[in-house]
Number of protein chains: 4
Amino acid sequence: MAAGSSIGTVFKVTTWGESHGAAIGVVVDGCPAGLALCEADIQTLLDRRKPGQSKFTTQRKEGDQVEILSGVFEGKTTGTPISMIVRNLDQRSADYSQIAGCYRPGHADYTYDEKYGFRDYRGGGRSSARETIGRVAAGAIAEKFLAALNIKVTAYTRSIGPVEISGERMDLKEMKNNRLCMPDAKAAEEAEQYLEQKMAQRDSVGGVVECVIHNLPAGLGEPVFEKLDANLAKAMLSIGAVKGFEIGDGFAASVSCGSVNNDAFRMEGDTVVKATNHSGGVLGGISDGSDVIFRAAFKPTPSIASPQNTVSKDGKEMELVIHGRHDPVVVPRAVVVVESMAAITVMDMLLLSMTSRMDMIQLFFQVEEVEP
Amino acid sequence: MAAGSSIGTVFKVTTWGESHGAAIGVVVDGCPAGLALCEADIQTLLDRRKPGQSKFTTQRKEGDQVEILSGVFEGKTTGTPISMIVRNLDQRSADYSQIAGCYRPGHADYTYDEKYGFRDYRGGGRSSARETIGRVAAGAIAEKFLAALNIKVTAYTRSIGPVEISGERMDLKEMKNNRLCMPDAKAAEEAEQYLEQKMAQRDSVGGVVECVIHNLPAGLGEPVFEKLDANLAKAMLSIGAVKGFEIGDGFAASVSCGSVNNDAFRMEGDTVVKATNHSGGVLGGISDGSDVIFRAAFKPTPSIASPQNTVSKDGKEMELVIHGRHDPVVVPRAVVVVESMAAITVMDMLLLSMTSRMDMIQLFFQVEEVEP
Amino acid sequence: MAAGSSIGTVFKVTTWGESHGAAIGVVVDGCPAGLALCEADIQTLLDRRKPGQSKFTTQRKEGDQVEILSGVFEGKTTGTPISMIVRNLDQRSADYSQIAGCYRPGHADYTYDEKYGFRDYRGGGRSSARETIGRVAAGAIAEKFLAALNIKVTAYTRSIGPVEISGERMDLKEMKNNRLCMPDAKAAEEAEQYLEQKMAQRDSVGGVVECVIHNLPAGLGEPVFEKLDANLAKAMLSIGAVKGFEIGDGFAASVSCGSVNNDAFRMEGDTVVKATNHSGGVLGGISDGSDVIFRAAFKPTPSIASPQNTVSKDGKEMELVIHGRHDPVVVPRAVVVVESMAAITVMDMLLLSMTSRMDMIQLFFQVEEVEP
Amino acid sequence: MAAGSSIGTVFKVTTWGESHGAAIGVVVDGCPAGLALCEADIQTLLDRRKPGQSKFTTQRKEGDQVEILSGVFEGKTTGTPISMIVRNLDQRSADYSQIAGCYRPGHADYTYDEKYGFRDYRGGGRSSARETIGRVAAGAIAEKFLAALNIKVTAYTRSIGPVEISGERMDLKEMKNNRLCMPDAKAAEEAEQYLEQKMAQRDSVGGVVECVIHNLPAGLGEPVFEKLDANLAKAMLSIGAVKGFEIGDGFAASVSCGSVNNDAFRMEGDTVVKATNHSGGVLGGISDGSDVIFRAAFKPTPSIASPQNTVSKDGKEMELVIHGRHDPVVVPRAVVVVESMAAITVMDMLLLSMTSRMDMIQLFFQVEEVEP
């Protein structure tokens, strides 16, 4: 806690940068040595969050080209901190006089001013969505690490406003075919229509991102406060615009019954498995070997083109009309952020889980016989 | 992270103890010196979580008498760690042979075994609800601290299964009049009927706890990872049986529109206030001066009296019938745990927020003029 | 940092308790599951620090019987926090009015009052040497863990005032034959004479404790801030009365030359070894496989029977004569504290070092082939 | 601990970068908002550590121009992370084949290889002295912060090999007049002669840096593990080549007596002061209002021009002659590093100390009367 720009213990991610400063970046410390890594690995993930990809995302043209400045040598991580930077190319001196002097509803303008006494008012400053560039760059490393252990993290849009994907139609390959990252072609089409309608009304919408972690070993999570689901919840709520988190059946479990919600154990060959997965892959805060499944709820984009009531910095009530293009929904671009934060969290907890058992530690240090 | 039994940075809480060990306890470090504190302050809160209070909670008779072992001198905290202990009186050598040898569905038996190689199988060990005694004892200190700053944390049962309180009928005083901690007499009555019915079916139910933090100053929360809501989410998901968290409108925000969800600012005398509170008192992860409102979703109690399919430790499929009395719903006893974890989280973040501003720091250290 | 009563990351030790409170204790979190542990393991180490063993240590009769309250089941650690407690038997209501009202020179009375506004004035409160009971109880666990990996930590008295052990005569077995824990019979005799003389003068003396960690693998330490030697230095300076730390040649290295101070590498069979060990087993903050050797300098006991000038709490200059028996030297009882803090530090860094390398991690998780 | 490139809790410093990578940098998180800061503030301190300043320091020409990339807006810190970067201009592709294949005595080559499986062998990689650029850049911010509270940190060379400054001749202004940063003209002259002689012998020397923190309020330090002196010790030992730390009389206290070593309290007007300062400004790990004085011992530069015995990576014994220019002593350039690490440590502990007392917290939050 405290200095708030770092997350993780043995795999520690520190982001920095404002939307309209010189650059945005991240320092990733504690990545094990010997992981193959190059800038293209990072860029691939960054490209998934970058704007200008559709009419539903802001048209600002940003290269968002990442540069790795340290921690990689001859194509492999060295175990030392990996510093990554993305220059802000689009720093045109816009006219911020309007938003500098008042508090946009739904934004962090007021709270930053209250907390720090003043703020960098250019484009949201530190509370801008551009801060997530650092998260995604770090997430790319975590996903690469997890892939080397056959663990796969996949996030996708579950709903846009009231339009939700259907379990029956769900097909992960489909999410690349639409601009909303929905793994359901029909839902994507309906959601696009819904969005068009809301944009025409100068309004914005929210949605839900779902994430699945596949092939995670049992044993991750450190009771009683550093539970796997507790850290996933924190990671999700740390993303701007997220207002809710649930794992497995989540809020639906609160209206279910024990006889339904309990997942029966059974054997699959020599392996203990669960007949269902209402728990979402976590029991007692520790991964149980099933898929980890969770959801994050995003509020509607606060920047809307309609007039809003607010107050100025000097305490006068006023009407505000926000100019410029803004995403009518943050969800499609947030999908890769959710995936990144999940990968970062899981990587840290996986490394921590290595210290749980005496027998495994003795094996690790190749202690064959202890001297009497 | 890491060693998982501590939470907090400047106000740090470390719990310890298993349900059927010698005792349960907590060490509270970083409590400021000079706070009036006695055992009765702790006991009052502990008594709210203790079982045996109604037919809906287990009948095990436990005194749960807390003893303060350190950190308090002449009725005031000294700034040194406050160690508190509750002896486990009810350690009768029950027959645990059945649950020792198999994995109860919905419990953490299997994951503890996978993580640690074996487990203390007596009554759930560390994953038992008795672990929350330490949290509530620490929460009592945090609530006392917050009260000294006029900040009030209040949790209550929002729903039991499908039975939810009504906003119109809601009356906080009412929650002391029913055993379900519901601030709505009519809902409490309906919920009791629903519970009776489920108990007759040898089944269990879940529910939702809601919590309001009143009079919290603006400025708490450390972007971008140590946001106030992110830490509340982690604190809630760290409670056993919690499967979801939402702040303000939460998941409902995901189906709302910006024009509705944005809270307009307006003036109330010299003070900036919000016309509505869809955000739940947090903007950009920082408290905005409104009431902080959040909810935690609890799954149904996993221990049910009906037969369940599971597997034994040696890999045989089997049918399990759990004997003994168990709460058909954990929610009423969890209310004070939610309140405690909220108080602990808020106290830590409030102390951390003192270091945000240069002008306030100079004032604190009474620096009048800096030497050139 | 922050709440200051915890140390360590994956192996975390939290001490609590004042000298004249109800009890003294410690919570040890993050100890791997499956380590054989019983109260006798702890008691053996505690008995090495307990007073009343010779005329050079205070005569206060304390049982200092440790009780393990959690984290151990059927003779093995469970991976959950291990809570240990020692009741303070000797809480006779002494007359503290004198020291309550003034600041003893060399003690922490004044600084506690300044920091916290008031203090527990009974026998030093939290700054008493009794606080080290918790450290030694935790150290006993760490030493047991390290022994299971064939790693041995040994501390001994290197000097009492000006009387130092001789490298030629040094014999570790000898330290059990004298009350000063000196591994040199002749030096011990001289030191006893020196002490007698200082006691007759109502004065006190200091000394140096040396510690050797044998069979530590190469690779412990996390550059650039969490270096092995940096954490050992912090651990030592955290012990009351320690005023200096050095590793390997330490301060002597500052007057040496590179041609002498550099340890040449050579082969011993297939193993890289060092021809000398001026570095004290650490290069670049990482263990190099040689013995780790360091020293901690202790100041003279501040409580002396001679009159001293000081001031009262209400700002009057006065003369103070401290009554009661006090150790004329803290070093012999501090030996086991140094050893414990070293073991705690090394255990934590050893667990952390498991996450350094990708190849070892893949081996640990038995990843044979990564899916394409 | 853990990911080792961060230090501090509320004021957190994370360094990154290798000597021959693209750049070196640091992220400073938790700096309070509203501190006046510009690149020149940083550059002034950086220039004090940069090489090429005398014949005793390496001739490598480096601009070491710092760029602030975030966290500063309109000339003031914003409370968000301050990212600073220095490009490595001198990345000529030297021939590292010799040092790539063997282990330089006294360097971290062997331990990095053992820990990480391989290393960035170019110029020491992460263990290079260039890593301290990040520390000094952060230290510049900490010194600016402390200056705003009238606190002053000053480090200087106390000794070069056997040549020590004299207390009588000591004059802080003098340190700018010689290349060794010695506040004693005569000692500086003698030290230069000593150095010339050792350089002629193709050898290197060590030395001691002393640091004084003036005007520090009483009350900094969090017993029992986060003591002020414990954290200073860790900060110092985290600097490459430091082998010892002492505060106040340090090791000399171990041969002193209580009657001498105890600092008597007396009144100076209304203020409690100490008649002497053997303790070095710390009692019980908490600052006592006197000057904090400590020393760090540096070993001789490991890179010497004489032939040395070592082994190759493939396990063959060999003789190594290190080519190129190297500082014959690191001390003069390390002075500003010691000062920076002291400032970083003190700033963090000062911010933490704000949470110690209930009365001060109520004052901070302007709580006038608590509602009953």
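With an unreviewed UniProt entry as reference, chain A is termed Chorismate synthase, source organism Candidatus Copromonas faecavium. The annotation that UniProt attaches to chain A under Sequence similarities (unreviewed entry) is "Belongs to the chorismate synthase family." One UniProt comment on chain A, placed under Pathway (unreviewed entry), says "Metabolic intermediate biosynthesis; chorismate biosynthesis; chorismate from D-erythrose 4-phosphate and phosphoenolpyruvate: step 7/7."

Residue-level account of helix α5 (residues 185–200) of chain B, with values.
All names here are of chain B. With 16 residues, α5 extends 23 Å from end C-alpha to end C-alpha; this agrees with the ideal 22 Å at 1.5 Å per step. Within the sequence span of α5, burial applies to A187, A188, A191, E192, Y194, L195 and K198. The distance from a side-chain oxygen at the start of α5 to the backbone nitrogen of K186 is 3.1 Å, and the residue carrying that oxygen is D184. Positive backbone phi, at 55°, marks R202, one or two positions downstream of α5.

Can you lay out the interface of chain B and chain A for me, pointing to particular residues and giving the numbers?
With 104 residues of chain B in contact, the opposing surface of chain A contributes 105 residues. Together chain B and chain A conceal approximately 8500 Å² of surface at their shared face, both sides included; 63% is due to carbon and sulfur atoms. At the junction of chain B with chain A, the criterion picks out 4 salt bridges. Measuring nitrogen to oxygen at the nearest pair gives 2.9 Å for the salt bridge that ties E222 of chain A to K115 of chain B. Here the side of chain B that touches chain A takes 7 residues from helix α3 (residues 109–116) of chain B, the largest share from any one element. Tallied by class, residues from the side of chain B that touches chain A come to 44 nonpolar, 36 polar and 24 charged. Looking at chain direction, strand β11 (residues 242–247) of chain A and strand β11 (residues 242–247) of chain B are connected through 3 bridges and run antiparallel. Within β11 of chain B, the residue paired with F245 of chain A across the bridge is F245 of chain B.

Describe in detail the pattern of salt bridges, supporting the description with residues and values.
The final tally for this structure, using the stated rule, is 104 salt bridges over all chains. Notably, a salt bridge pairs D113 of chain A with R119 of chain A, separated by 3.5 Å at the nearest N-O pair. Accessibility expressed as a relative area gives 7% for R119 of chain A, which makes it buried. Among the salt bridges present, the one from R158 of chain C reaches E210 of chain C, with a minimum N-O distance of 3.0 Å. A residue pair is termed long-range when its members are at least 10 positions apart, and R158 of chain C in strand β8 (residues 152–160) and E210 of chain C in strand β10 (residues 207–214) qualify at 52 residues. By relative accessible area, R158 of chain C is classed as partly exposed at 22%. Connected through shared salt-bridge partners, R104, D109, D113, R119 and K313 of chain A make up one network.

Kindly report on the state of the cysteines, identifying the contributing residues and their values.
Using the criterion set out here, one finds 0 disulfides over all chains in the structure. Counting only cysteine sulfurs, C181 of chain A is the nearest neighbor of C211 of chain A, a cysteine outside any disulfide, at a range of 13 Å.

How would you sum up the packing of aromatic side chains? Please name residues and give values.
By convention here, two paired aromatic rings are described through the distance between centres and the angle between planes. For the coordinates displayed, the defined rule picks out 32 aromatic pairs over all chains. Three or more aromatic residues link up through ring pairs in this structure, and these residues are F364 and F365 of chain A together with F364 and F365 of chain C. Over the aromatic face of F118 of chain C sits the side chain of K76 of chain B, whose NZ or CZ is 4.8 Å from the ring centroid.

So what about the confidence of the model for chain A? Which residues, and what values?
Of the residues in chain A, 94% reach a pLDDT of 70 or more, and the chain-wide mean stands at 93. Across the whole predicted complex the pTM is 0.97, and at the interface the ipTM reaches 0.96.

Let's hear about the relation of the copies chain C and chain D: which residues, and what values?
The two chain copies are related to each other by a rotation about an axis together with a translation along it. Once chain C has been moved 0.0 Å along the axis and rotated by 180°, it coincides with chain D to within an RMSD of 0.0 Å. Overall, the copies show the geometry of a two-fold rotation axis.

Would you mind going over the sheet that holds strand β2 (residues 12–17) of chain C in detail, with residue names and values included?
Residue and element names in this part refer to chain C. Spatially, the 5 strands line up as an open sheet ordered β1-β2-β3-β7-β4, and their pairing is antiparallel. With partners counted over all chains shown, the strands left at the sheet margins are β1 (6–7) and β4 (66–68), one partner each. Of the strand pairs in this sheet, β1 and β2 are connected by 2 bridges, and their pairing is antiparallel. Looking at the pairing, I7 lines up with V13 of β2. Along the sheet face, helix α1 (residues 39–49) touches β4 and β7 (82–87) and points at about 150° away from the line of β4.

Give me the pairing of strand β11 (residues 242–247) of chain D: which residues, what numbers.
Residue and element names in this part refer to chain D. Taking burial as the measure, the 6 residues of β11 include 6 buried ones, the bulk of the element. Where β11 meets strand β16 (residues 292–298), 5 bridges bridge the pair, whose relative direction is antiparallel. Within β16, the residue paired with V242 across the bridge is F298.

Please give an account of the UniProt feature "binding site: NADP(+)" (unreviewed entry) in chain A that cites residues and values.
All names here are of chain A. In the numbering used here, UniProt assigns the "binding site: NADP(+)" (unreviewed entry) feature to R49 and K55. In this structure, R49 sits in helix α1 (residues 39–49). If sequence neighbours within four positions are ignored, R49 has contacts with D64, A129, R130, T132, I133, V136, R333 and V336.

Go over the interface of chain C and chain D, please, and point to the residues and values.
At the junction of the two partners, chain C supplies 104 residues and chain D supplies 104 residues. Summed over the shared surface of chain C and chain D, the result is 4 salt bridges. As a salt-bridge pair, E226 of chain D and K234 of chain C come within 2.7 Å of each other at their nearest N and O atoms. Between the two partners, chain C and chain D, sit 43 residue pairs in polar contact (both at pLDDT 80 or more). With 7 residues, the single largest contributor to the side of chain C that touches chain D is helix α3 (residues 109–116) of chain C. Per-class residue counts for the side of chain C that touches chain D are 44 nonpolar, 36 polar and 24 charged.

Each value, and the rule that gives it
Residues numbered from 1 in each chain as written. Chains lettered and ligands numbered in written order. Predicted model: local features only at pLDDT ≥ 70, side-chain atom pairs only at ≥ 80, totals over all residues. Heavy atoms only, no water. UniProt positions renumbered as here; feature names shortened; annotations may be inferred. Helix = DSSP H or I, 4+ residues; strand = E, 2+ residues; numbered from the N terminus. Expected span 1.5 Å × (residues − 1). Buried < 20%, exposed > 50% of the residue type's maximum accessible area, 1.4 Å probe, protein only. Polar contact = N/O pair within 3.5 Å; in protein donor to acceptor, adjacent residues only side chain to side chain. Contact = heavy atoms within 4.5 Å. Buried area = accessible area lost by both parts, 1.4 Å probe. Salt bridge = Lys/Arg side-chain N within 4 Å of Asp/Glu carboxyl O. Nonpolar A, V, L, I, M, F, W, Y, C, P; charged D, E, K, R; others polar. Pairing = 2+ DSSP bridges. Disulfide = S-S within 2.5 Å. Phe/Tyr/Trp six-rings, centres within 6.5 Å; stacked < 30°, edge-to-face > 60°. Lys NZ or Arg CZ within 6 Å of the ring centre and 35° of its normal. pLDDT = per-residue confidence, 0-100. Least-squares fit on C-alpha atoms with pLDDT ≥ 70 in both. Axes fitted to C-alpha atoms, helices over the stretch in contact; angles between N-to-C directions.

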